[in-house]
Amino acid sequence: MKRARSRGRIRFAALLLFQFRVVVGGRSVARRRCELRMINLGSRDAKSALAKATKHGRAEHFSYRNVNGDPVYFEFVGVLDMIALGSECGPDEVWYDIIQLHKPMERRKQLVPPARRLAAFSSTRPNNRLKLTARGRPTVTAQRRSRATA
């Protein structure tokens, strides 16, 4: 396994939050579509890694006009979480979290979605909802729509 530190550098993963802000009639729409993006970076310490992640996020800003002619701004909101990927993390891992669940193996059919529901296998992404856990970390849960409204 490749070591996490290479020439004094540590691998980090950061979870970034972006928003699509639409302006209609001179006012920003309050309900906004957002993007969660995970990036990997190497840095000498957490402080400089945070600065790199923030710089990366700000560099991603862009704008365009939608089909109605309204301006849309893609904006970096901030870094939601960042972890050091230490020696316990393999070279092909990009994120990990230690959580506690009640009988996960026995409930795996409830917890693990079928492959067809994974975003990589779907032509349309589900309508996701961001929730914060008790520790303030974000979790995304898909809203299920009934067939009648789909």
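Undergrad: Requested: an account of unusual backbone geometry, with residues and values cited.
TA: Non-glycine residue Lys 103 carries a positive phi angle of around 45°. Along the chain, the position of Lys 103 falls in the loop between strand E5 (71–84) and helix H2 (108–111). By relative accessible area, which is 48% here, Lys 103 ends up partly exposed.

Undergrad: Before we move on, could you go through the nonpolar core and cite the residues and values that matter?
TA: Grouped burial of nonpolar side chains is what soluble globular proteins tend to show. Listed in full, the 11 residues of the largest apolar core are Ile 10, Phe 12, Ala 14, Leu 16, Phe 18, Ile 39, Leu 41, Ala 49, Ala 53, Phe 74 and Phe 76. If you tally residues by element for this core, the top one is strand E1 (residues 10–24), at 5 residues. Not counting residues within four places of it along the chain, the set of residues in contact with Phe 12 comprises Ile 39, Asn 40, Leu 41, Ser 43, Asp 45, Ala 46, Ala 49, Met 82, Ile 83, Ala 84 and Leu 85.

Undergrad: Provide a residue-level description of the pairing of strand E4 (residues 62–65), including the pertinent values.
TA: Pairing analysis gives 4 bridges linking E4 to E5, with the strands arranged antiparallel. Residue pairing for E5: Tyr 64 is matched across the bridge by Val 72.

Undergrad: How would you sum up a nonpolar patch on the surface? Please name residues and give values.
TA: Judged by side-chain polarity, Ile 99, Leu 101, Leu 111 and Val 112 come together as a nonpolar surface patch covering roughly 370 Å² of accessible area. Along the chain, Ile 99 falls in the loop between E5 and H2. Classification of Ile 99 as exposed rests on a relative accessible area of 57%.

Here is what the cut-offs are and how they apply
Residues numbered from 1 in each chain as written. Predicted model: local features only at pLDDT ≥ 70, side-chain atom pairs only at ≥ 80, totals over all residues. Heavy atoms only, no water. Helix = DSSP H or I, 4+ residues; strand = E, 2+ residues; numbered from the N terminus. Buried < 20%, exposed > 50% of the residue type's maximum accessible area, 1.4 Å probe, protein only. Core = buried A, V, L, I, M, F, W, Y, C linked by side-chain atoms within 4.5 Å. Contact = heavy atoms within 4.5 Å. Pairing = 2+ DSSP bridges. Patch = residues over 30% accessible without salt bridge, like charges linked within 9 Å, V, L, I, M, F, W, Y side chains within 5 Å. Areas by Shrake-Rupley, 256 points an atom, 1.4 Å probe, with all protein chains shown as cover. Salt bridge = Lys/Arg side-chain N within 4 Å of Asp/Glu carboxyl O.

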